[in-house]
Amino acid sequence: MTEPTVRLVNISKSFGEVKSLENVNFEVYPGEVVGLLGDNGAGKSTLIKIITGYHQPDPGGEIYFHGKKVENLTVPKARALGVETVYQEKALADDQSVWRNIFMGREIANRLGFLDIKQMRAVTQRLMTEHMGFTSKAVNPDTPVRTMSGGERQGIAITRALYFEAELIILDEPTMALSLSETRKVLDFIANIPKAGKAGIFIDHNIFHVYPVVDRIVVLDRGRVAGEFRKADVSLEELIDRLYQVARTGRLEAARGGKA
Amino acid sequence: MTAERVSTVAKPGRSPFTLWLRTHALQIGITIVAIGIWAIFAIGSPQTFFRGNIYQAFMSTTPFFGIMALWLTLVVITGEIDLSFPSIMTISMWVFATVMMATGNLAVALVLMLLMGLSAGMLNGIIITKVGVPSLVVTIGTSFFWRGMVKVLTGGTGTSLLPTRDTIFYELFVGRLFGFIPMQMVWMALFAILCWVLLNRHRLGAHIYLTGDNADSARLMGVDVDRTKIIVFGLAGFSAAFAGLVASLEVTYYWPTLGEGYLLNTLSSVFLGGTSVFGGTGTIYGTFVASFIIGAINAGIVAIGMSGFWTELIYGLIIVLSVVTQTIVGRRIK
């Protein structure tokens, strides 16, 4: 049996007095997209920031990549393991050029740390014409991203996640502030993740965006996994019913007693 | 944000040349200001400004704060501020004077002095990043601490640096290259090149810009923001020690009050040069030119026959007008 791309065992995370996550178990397999649902403050962002190495879990939690346990996960370590993330807040530096944003935190440099700007510009130029749909000469790799539209900026954040041979692509509310057609593009992209044999985690408030493109759904509530099920086992209407149930009771069990 | 806008449509005013103008607007602006001020002085006093002596004077005194302004630019681009460098100057130079008197070895004194500056700077950076105290507050505190330390250690008495006179050491830092160019100017030029390369062609510089532009994004994408800040504060401390050395050697005397009077000159060089106090943008070229504007005003005002009492008023006028223009132009091009 294939090992999960990433597996979290018994993960808790506290910020001072606040328990953001409690004993969470979670895994994603190659070739599947998992939808992560839950209310504000359910712990979705904390969970993915543990996978990306931004937060370290409380002692006792374990993280495995492809079956191998990883200690002291950091952002550079996670990126080296193939975790790429499109953050809700896009994680762009507005006054910097496109190429500096594309290569943020993983600049191409020699052993002394001197940058290979020529190559980074060339790669950025190629990505812009091939993947981001910039054909105009007026927008080039040196353009500051502040001058671009919301869709263009999201394009940079997504392209940045794709270019680097990602094994696991995490999308944290990627459709925020996007137009309808831009949202369509993002959803198409997510639907294609399994076809490439890669794994994905998709977080969104909008259940109508999540349901069509995911294989499995995990529901978080107040820091715990309230339940999970395969999409094949539940219709969209049922799912919505159960989410209301979770919001009221913190449990996923449907009123009629069927366990997911 | 217009959702309808299609990315492939060429937007007006985005040709490569206008893009270059936009991204270099501040550098072009400061160059024009510098030329304008020079022209006023040259017309007002051609007998002074068409001879070499005045430029030798500029090159002799500007590096005392210009060297620090260059490295301070890196600090400000990360979105932080350092007010403690004048005090780091004097505590480091106290180390130099003391070691020199005790051992007579100038090389050892130099190394320990630079280490003192580097550590004092890194201490700022560590308190700011690891404890989370804002840099404005931390560096006010360390500023008092180091200057107070010097007062206690020296009791207010200085040290003559006569033992350095007629040594290669002296010639190396404050001698006259070809009998004309002050060596401190050569050092400032070298530091300017080094700072430019670090900032624009090195990973450290990339992380400096990213840290100041959006520290949260930088962290999310794996930039070690804390380390970047500690390094730039360390470099600022190092350069303060170096500047303290050249300023003291020039007068062959270590005054415990060393550094007093440099704070505002240095800061205004950075901000007049177009570096944003909010971080994320700024250039070494801007700071370099601006420090000579600051350095030239004093001598220039006297040379064109105005009273020296005008100096600060004109400083203030130029600085306020320049930063107001920068902000308006900056908003326009965004």
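Owing to the predicted nature of the structure, the values given are computational and were not obtained by experimental measurement. (Residues numbered from 1 in each chain as written. Chains lettered and ligands numbered in written order. Predicted model: local features only at pLDDT ≥ 70, side-chain atom pairs only at ≥ 80, totals over all residues.)

A. Up close: the overall build of chain A. For chain A, the count of helices and strands is eight helices and ten strands. The dimensions of chain A, computed from C-alpha atoms along their principal axes, are 60 × 40 × 40 Å. For chain A, the proportion of its 260 residues judged to be buried stands at 45%. Across chain A, every contact between residues at least 6 apart in sequence was considered, and the portion connecting residues at least 24 apart equals 66%. (Helix = DSSP H or I, 4+ residues; strand = E, 2+ residues; numbered from the N terminus. Buried ≥ 20, exposed ≤ 12 C-beta atoms within 10 Å, placed from the backbone. Contact = placed C-beta atoms within 7 Å.)

B. View of the overall build of chain B. Helix and strand counts for chain B come out as 15 helices and four strands. Over its C-alpha atoms chain B spans a radius of gyration of 21 Å, differing by no more than 12% from the 20 Å that the globule rule assigns to 334 residues. Once the C-alpha set of chain B is aligned to its principal axes, its extents read approximately 75 × 55 × 35 Å. Classification of the 334 residues of chain B by burial places 46% in the buried group. Counting only contacts in chain B whose residues sit at least 6 apart along the sequence, the fraction spanning at least 24 positions is 76%. (Rg over C-alpha atoms; globule rule 2.2 N^0.38 Å.)

C. The sheet that holds strand β8 (residues 199-203) of chain A, seen in detail. Residues and elements named next belong to chain A. Taken together, six strands build an open sheet; the order of strands is β6-β7-β8-β3-β9-β10 and the sheet is mixed. Each edge of the sheet is formed by a strand with only one pairing partner; in this case those strands are β6 (83-86) and β10 (224-230). Averaged over all pairs of adjacent strands, the angle between strand axes in this sheet comes to 20 degrees, irrespective of strand direction. In this sheet, β8 lies alongside strand β7 (residues 168-172) in parallel orientation, the contact comprising five bridges. If you follow Asp-172 over to β8, its bridge partner there is Ile-203. Helix-sheet contacts for helix α1 (residues 44-51) involve β3 (33-37), β6, β7, β8 and β9 (216-221), and the interaxial angle to β7 is about 150 degrees. Running at roughly 175 degrees to β6, helix α5 (residues 150-163) makes contact with β6 and β7 of the sheet. (Pairing = 2+ DSSP bridges. Axes fitted to C-alpha atoms, helices over the stretch in contact; angles between N-to-C directions.)

D. Layout of the sheet that holds strand β5 (residues 68-69) of chain A. All names here are of chain A. Strand order in the open sheet formed by four strands is β2-β1-β4-β5, with antiparallel pairing between adjacent strands. Since the sheet does not close on itself, it has two edges, and those belong to β2 (18-28) and β5, each with one partner. For strand β1 (residues 6-15) and β2, the ladder comprises seven bridges, and the chain directions are antiparallel. Looking at β2, one finds that Phe-15 is bridged to Val-18. Running over the sheet, α1 touches β1 and β2 and is turned about 60 degrees from β2.

E. Up close: the nonpolar core. A:Phe202 and B:Val246 are the most contacted members of the largest nonpolar core, which totals 159 residues. Take this core: its biggest share by element is 15 residues, from helix α12 (residues 225-251) of chain B. (Core = buried A, V, L, I, M, F, W, Y, C linked by C-beta atoms within 7 Å.)

F. Fine view of the confidence of the model for chain B. Residues and elements named next belong to chain B. Of all residues in chain B, 94% have pLDDT values of 70 or greater, and the mean over the chain is 88. Throughout residues 1-13 the model reports pLDDT below 50, and contacts reaching past four residues in sequence, or to other chains, amount to 19 contacts. Across the assembled chains, the prediction reports ipTM 0.83 with pTM 0.87. (pLDDT = per-residue confidence, 0-100.)

G. Representation of the packing of helix α2 (residues 25-44) of chain B against helix α14 (residues 284-303) of chain B. Residue and element names in this part refer to chain B. At a minimum axis distance of 10 Å, the contact between α2 and α14 shows a crossing angle of 15 degrees. With respect to their mutual orientation, α2 and α14 come out roughly parallel. Where α2 crosses over α14, the two elements pack in a sense that is left-handed. On α14, the residues touching Leu-26, Gln-27, Ile-30, Thr-31, Val-33, Ala-34, Ile-37 and Phe-41 of α2 are Tyr-285, Gly-286, Val-289, Ala-290, Phe-292, Ile-293, Ala-296, Gly-300 and Ala-303. Here the contact of α2 with α14 is composed, by residue class, of 13 nonpolar, four polar and no charged. (Parallel < 35°, antiparallel > 145°, perpendicular 65-115°, else oblique. Left-handed = near helix turned anticlockwise from the far one by under 90°. Nonpolar A, V, L, I, M, F, W, Y, C, P; charged D, E, K, R; others polar.)

H. View of the pairing of β3(A). Residues and elements named next belong to chain A. The buried fraction of β3 is high, at five of five residues. Both faces of β3 are covered, namely the face carrying Val-33, Gly-35 and Leu-37 and the face carrying Val-34 and Leu-36. When β3 meets β8, the two strands line up parallel, connected through four bridges. Of the residues in β8, the one forming a bridge with Val-33 is Gly-200.

I. Summary view of α14(B). All names here are of chain B. The first and last C-alpha atoms of α14 sit 29 Å apart over 20 residues, in line with the 28 Å expected at 1.5 Å per residue. Of all the bends found along α14, the most pronounced is centred on Ile-297 and spans about 35 degrees. Positive backbone phi, approximately 95 degrees, marks Gly-305, located one or two places after α14. (Expected span 1.5 Å × (residues − 1). Bend = angle between axes of the 7 residues up to and from the residue.)

J. The arrangement of the environment of A:Thr249 in detail. All names here are of chain A. Among the secondary structure elements, Thr-249 is positioned in helix α8 (residues 236-249). Here Thr-249 falls in the exposed class, since 12 other C-beta atoms lie within 10 Å of it. C-alpha of Thr-249 to C-alpha of Asp-221: the two residues are 28 residues apart in sequence and 9.7 Å apart in space.

K. Fine view of unusual backbone geometry. All names here are of chain A. The backbone of Asn-23 sits at a positive phi, close to 45 degrees, despite the residue not being glycine. Within the secondary structure, Asn-23 is located in strand β2. You can call Asn-23 partly exposed: it has 14 C-beta atoms within 10 Å. The residue Glu-173 is not glycine, and still its phi comes out positive at about 45 degrees. If you trace the backbone, Glu-173 turns up in the loop between β7 and α6 (180-191). Look at Glu-173 and you get partly exposed, because 18 C-beta atoms sit within 10 Å.

L. A look at the environment of B:Leu106. All names here are of chain B. Of note, Leu-106 is situated in helix α6 (residues 106-131). Accessibility expressed as a C-beta count within 10 Å gives 19 for Leu-106, which makes it partly exposed. Leave out the neighbours within four places in its chain, and Leu-106 touches Met-100, Thr-164, Thr-167 and Phe-169.

M. How the structure looks around α6(A). Here α6(A) spans 17 Å end to end across twelve residues, near enough to the 16 Å set by a 1.5 Å rise per residue. Those residues of α6(A) that are buried lie in contact with β3, α5, β7, β8 and α7 (207-213) of chain A.

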